[in-house]
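# Coordinates in review
One letter stands for each residue in the lines below.
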Amino acid sequence: MGLRPVAGAYHKDEKKGPELHARVSQETFDEAVQENIDTFDMEPEEALADAVSQFESQGINLSNIVKRVPGADAADDPPAVVALRELKNALEAAADADDAEEETLELAYGGGMMKMSFMKVDAETAIKLAEQASALRGACQKDKEQLALVTLNGAVDALVSSALAVLTTAAALPPILEALAVLLLDPEGREQLGQRGI
């Protein structure tokens, strides 16, 4: 007879089809909120709520948008967005540094050779990258909306760049890879990884 999976009392096999949603950029969303404030003399919070309502009524997916009033303090953003911003800033600072190093690896791949070039960072920067990746992972595990938000705003690319940058600092690599693993649990994250060409 063999073992066969049996649907238990709590098992529900509900197939879901793909959902298509239009998206807008953060800039477009911020402009709509600002227009509500300027044109219709709305209070900032009222203008924000109206913009969200208008976009959602048009079927726009706002999962990639930080819903805040333009000009609001960036420190009030969700923790995952703050961690991603700090991670990207650390990468940019390392790339702009006078002593920035680039490394190139040649690997056998598909019957040919693949050349990878990436930035190397010092131990201090590697620790910063690992700390921000850890904060990003924690925030994404606590709130799936933040996971979608950072995934659609370049988190996968930033984490892959961070992982390559810290290859020579082994202790900094696990937190970055753990954060990347959390993002790759989301289908959008896996799609972003494909865009990276890996």
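Note: the structure precedes this text.
My aim in this report is to walk through the structure given alongside it, one point at a time. All values reported here derive from a predicted model rather than from experimental measurement. (Residues numbered from 1 in each chain as written. Predicted model: local features only at pLDDT ≥ 70, side-chain atom pairs only at ≥ 80, totals over all residues. Heavy atoms only, no water.)

Helix and strand counts for the protein chain come out as 8 helices and 4 strands. Each helix and strand of the protein chain, placed in order from N terminus to C terminus, yields the pattern β-α-α-β-α-β-β-α-α-α-α-α. Residue burial in the protein chain is summarised as follows: out of 198 residues, 34% are buried. The contacts in the protein chain between residues at least 6 apart in sequence include a share of 64% that link residues at least 24 apart. As presented, the protein chain carries roughly 12,600 Å² of accessible surface, and 52% of it is formed by carbon and sulfur atoms. (Helix = DSSP H or I, 4+ residues; strand = E, 2+ residues; numbered from the N terminus. Buried < 20%, exposed > 50% of the residue type's maximum accessible area, 1.4 Å probe, protein only. Contact = heavy atoms within 4.5 Å. Areas by Shrake-Rupley, 256 points an atom, 1.4 Å probe, with all protein chains shown as cover.)

Attention now goes to the side chain of Asn36. Residue placement: Asn36 occurs in helix α1 (residues 26-40). Reaching out from Asn36, the side chain makes a polar contact with the backbone oxygen of Ala47 at a distance of 3.1 Å. Once residues lying within four places of it in the same chain are set aside, the contact partners of Asn36 are Asp41, Met42, Ala47, Asp50 and Ala51. (Polar contact = N/O pair within 3.5 Å; in protein donor to acceptor, adjacent residues only side chain to side chain.)

The subject of this paragraph is the packing of aromatic side chains. Taken as a whole, this structure holds 1 aromatic pair when the rule is applied. Here Phe29 and Phe55 contribute two aromatic rings whose centre-to-centre distance is 5.9 Å and whose plane-to-plane angle is 35°, an arrangement assigned as tilted. Of this pair, Phe29 sits in helix α1 while Phe55 is found in helix α2 (residues 44-57), placing the two residues 26 residues apart along the sequence. Across the pair, Phe55 and Phe29 agree in class, each one buried. (Phe/Tyr/Trp six-rings, centres within 6.5 Å; stacked < 30°, edge-to-face > 60°.)

A few words on the nonpolar core. In summary, soluble globular proteins display a tendency toward joint burial of nonpolar side chains. Grouped together as the largest cluster of nonpolar side chains are 39 residues, with contacts concentrated most on Val121, Leu129, Leu136, Cys140, Val150, Leu159 and Val166. Those elements giving two or more residues to this core turn out to be α3 (79-96), β4 (112-120), α4 (123-142), α5 (144-151), α6 (155-165) and α7 (173-184). With residues near it in sequence (within four places) discarded, Cys140 still touches Ala80, Gln146, Leu147, Val150, Val182 and Leu183. Core analysis: the next-biggest nonpolar cluster, separate from the first, contains 15 residues, Val24, Phe29, Ala32 and Ile65 among them. (Core = buried A, V, L, I, M, F, W, Y, C linked by side-chain atoms within 4.5 Å.)

This part takes up the pattern of salt bridges. Tallying each qualifying case throughout the model produces 6 salt bridges. Across the salt bridge formed by Arg85 and Asp77, the nearest N and O atoms sit 2.3 Å from each other. A relative accessible area of 27% places Arg85 in the partly exposed class. By relative accessible area, Asp77 is classed as buried at 7%. Put simply, Arg68, Asp77 and Arg85 are held in one network by salt bridges that share partners. (Salt bridge = Lys/Arg side-chain N within 4 Å of Asp/Glu carboxyl O.)

Further remarks concern a negative patch on the surface. On the surface, Glu27, Glu31, Glu35, Asp38 and Asp41 cluster together to form a negatively charged patch. The partly exposed category is assigned to Glu35, whose relative accessible area is 45%. (Patch = residues over 30% accessible without salt bridge, like charges linked within 9 Å, V, L, I, M, F, W, Y side chains within 5 Å. Lys, Arg positive; Asp, Glu negative; His and termini not counted. Charge placed at Lys NZ, Arg CZ, Asp CG, Glu CD.)

For the rest of this paragraph, the subject is the packing of α3 against α4. As a packed pair, α3 and α4 sit with axes 8 Å apart at the nearest point and diverge in direction by 160°. In terms of their interaxial angle, α3 and α4 are classed as roughly antiparallel. With respect to the hand of their crossing, α3 and α4 are arranged in left-handed fashion. Contact with α3, carried on its side by Pro79, Ala80, Ala83, Leu84, Glu86, Leu87, Ala90, Leu91 and Ala94, involves Thr125, Leu129, Gln132, Ala133, Ala135, Leu136, Ala139 and Cys140 of α4 and no other residues of that element. Considering only residue class, the contact of α3 with α4 consists of 14 nonpolar, 2 polar and 1 charged. (Axes fitted to C-alpha atoms, helices over the stretch in contact; angles between N-to-C directions. Parallel < 35°, antiparallel > 145°, perpendicular 65-115°, else oblique. Left-handed = near helix turned anticlockwise from the far one by under 90°. Nonpolar A, V, L, I, M, F, W, Y, C, P; charged D, E, K, R; others polar.)

In this model, α2 (14 residues) spans 20 Å end to end at C-alpha, consistent with the 20 Å of a helix rising 1.5 Å per residue. Along α2, the residues classified as buried are Ala47, Leu48, Ala51, Val52 and Phe55. Projected onto a plane normal to the axis of α2, the buried residues spread over an arc of 135° and lie on a single side. Exposed and oriented more than 90 degrees from the buried face of α2 are Glu45 and Ser57. Contacts made by the buried residues of α2 are with α1 and β2 (60-61). Once α2 ends, the next one or two residues include Gly59, with phi positive near 80°. (Expected span 1.5 Å × (residues − 1). Arc of directions from axis to C-beta.)

Spatial relationships are all this shows, so hold off on functional conclusions.
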